[in-house]
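Now for the letters of each chain:
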Amino acid sequence: MSARWTLQLRRFLAARLSPEGALGLHLTVGVVLMLLAMAVFHEIAEAVMGAEQITVIDLQVAHWFNQHALPWLTAFLLCFTNLHGVLGALVLTALLAWYFYRQRASDWLLTLLISVPGVMILNVLLKSVFGRLRPSFEQPLLQTVLETYSFPSGHTATSTALYGVLGAYLICRTAPGAWGQRVMIALGAFLMAALVGFSRIYLGAHYLSDVLAAMAESAGWLAICIAGVSTLRRRRAIRPTQ
């Protein structure tokens, strides 16, 4: 019985680590990344709700930027953050969707249409669960009254998903041996999402922990979306031969 169980376990692990299988390495990596992202999000959320040291850092960072704001940087980040609001993100998503459609990249189009609206909905649900109030200042940089909750950052979550899909698409189109180019693409996608998050902290719309949690939330959601769509594609490719 023990030998048979060991054999079955080996077969299961081999199937999960196989690059070719429909439920192979791609899905395993996606699930692992999702679980890691969930663990990071859980740790941040638990620290925030428990009013641990990170909340002190949140206040220090928020007030430092508010007191040391530069007019030119404020103007730039206001434009940049507005570009990645709900309306701006939907427009950018529509443009990227049109590009995927023109490139006949149907799998990436499906991934985009699942990941970006999906993370928007997920973020709204998480905000209502945690109910964290936004930062407040005597002289706020952002004059618009924000009535939604703060944790996690919606702008950051949406941008992470959007640029994550674009980055993953460009990486997949890059030659397998061009690791330098792949690293630059991944770094570029990360920096674009990080700049959106920075704009939210700088302008006083969110705390640092709101942004970090949003990136973890979106990264986990994006990982499972990409893995799920890849699984569907592989199953479609295998089915006619069965």
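Being a predicted model, the structure only gives us computed values, none of them experimental. (Residues numbered from 1 in each chain as written. Predicted model: local features only at pLDDT ≥ 70, side-chain atom pairs only at ≥ 80, totals over all residues. Heavy atoms only, no water.)

This paragraph deals with the side chain of His206. Tracing the sequence through the fold places His206 in the loop between α8 (179-202) and α9 (208-238). Residue class for His206 comes out buried when judged on its relative accessible area of 1%. Engagement of the side chain of His206 in a polar contact is seen with the backbone oxygen of Ser150, the distance being 2.8 Å. (Helix = DSSP H or I, 4+ residues; strand = E, 2+ residues; numbered from the N terminus. Buried < 20%, exposed > 50% of the residue type's maximum accessible area, 1.4 Å probe, protein only. Polar contact = N/O pair within 3.5 Å; in protein donor to acceptor, adjacent residues only side chain to side chain.)

What follows covers a nonpolar patch on the surface. Together, Val29, Val32, Leu33 and Leu36 make up a nonpolar patch on the protein surface, roughly 330 Å² of accessible area in all. Examined against the element boundaries, Leu33 turns out to sit in helix α2 (residues 25-49). (Patch = residues over 30% accessible without salt bridge, like charges linked within 9 Å, V, L, I, M, F, W, Y side chains within 5 Å. Areas by Shrake-Rupley, 256 points an atom, 1.4 Å probe, with all protein chains shown as cover. Salt bridge = Lys/Arg side-chain N within 4 Å of Asp/Glu carboxyl O.)

Quick look at the side chain of Ser209 now. With respect to the element layout, Ser209 can be found in helix α9. Those residues in contact with Ser209, other than ones at most four positions away along the chain, are Ile44, Val48, Ile54, Asp58, Arg132 and Phe151. (Contact = heavy atoms within 4.5 Å.)

Quick look at the packing of helix α5 (residues 86-102) against helix α7 (residues 154-173) now. The geometry of α5 relative to α7 is characterised by a closest axis approach of 10 Å and an angle of 15° between their N-to-C directions. Classified by the angle between their axes, α5 and α7 sit roughly parallel to one another. Of the two elements, α5 crosses α7, and the hand of that crossing is left-handed. Here α5 contributes Ala89, Leu92, Thr93, Leu96, Tyr99 and Phe100 to the contact with α7, which in turn contributes Thr158, Leu162, Tyr163, Val165, Leu166 and Tyr169. (Axes fitted to C-alpha atoms, helices over the stretch in contact; angles between N-to-C directions. Parallel < 35°, antiparallel > 145°, perpendicular 65-115°, else oblique. Left-handed = near helix turned anticlockwise from the far one by under 90°.)

It is worth spelling out the pattern of salt bridges at this point. Any two side chains of opposite charge can pair, so long as their charged atoms come close to each other. Within the structure shown, the criterion is met by two salt bridges. A salt bridge links Arg132 to Asp58, with the shortest nitrogen-to-oxygen separation between them at 2.9 Å. Of the two residues, Arg132 is situated in the loop between α6 (106-130) and α7 and Asp58 in helix α3 (residues 53-67); the sequence distance between them amounts to 74 residues. The buried category is assigned to Arg132, whose relative accessible area is 11%. One salt bridge in this structure joins Arg132 and Asp210, with 2.8 Å as the shortest N-O distance. Of this pair, Arg132 sits in the loop between α6 and α7 while Asp210 sits in helix α9, placing them 78 residues apart in sequence. Asp210 shares its class with Arg132; the two are buried. Through salt bridges that share partners, Asp58, Arg132 and Asp210 make up one connected network.

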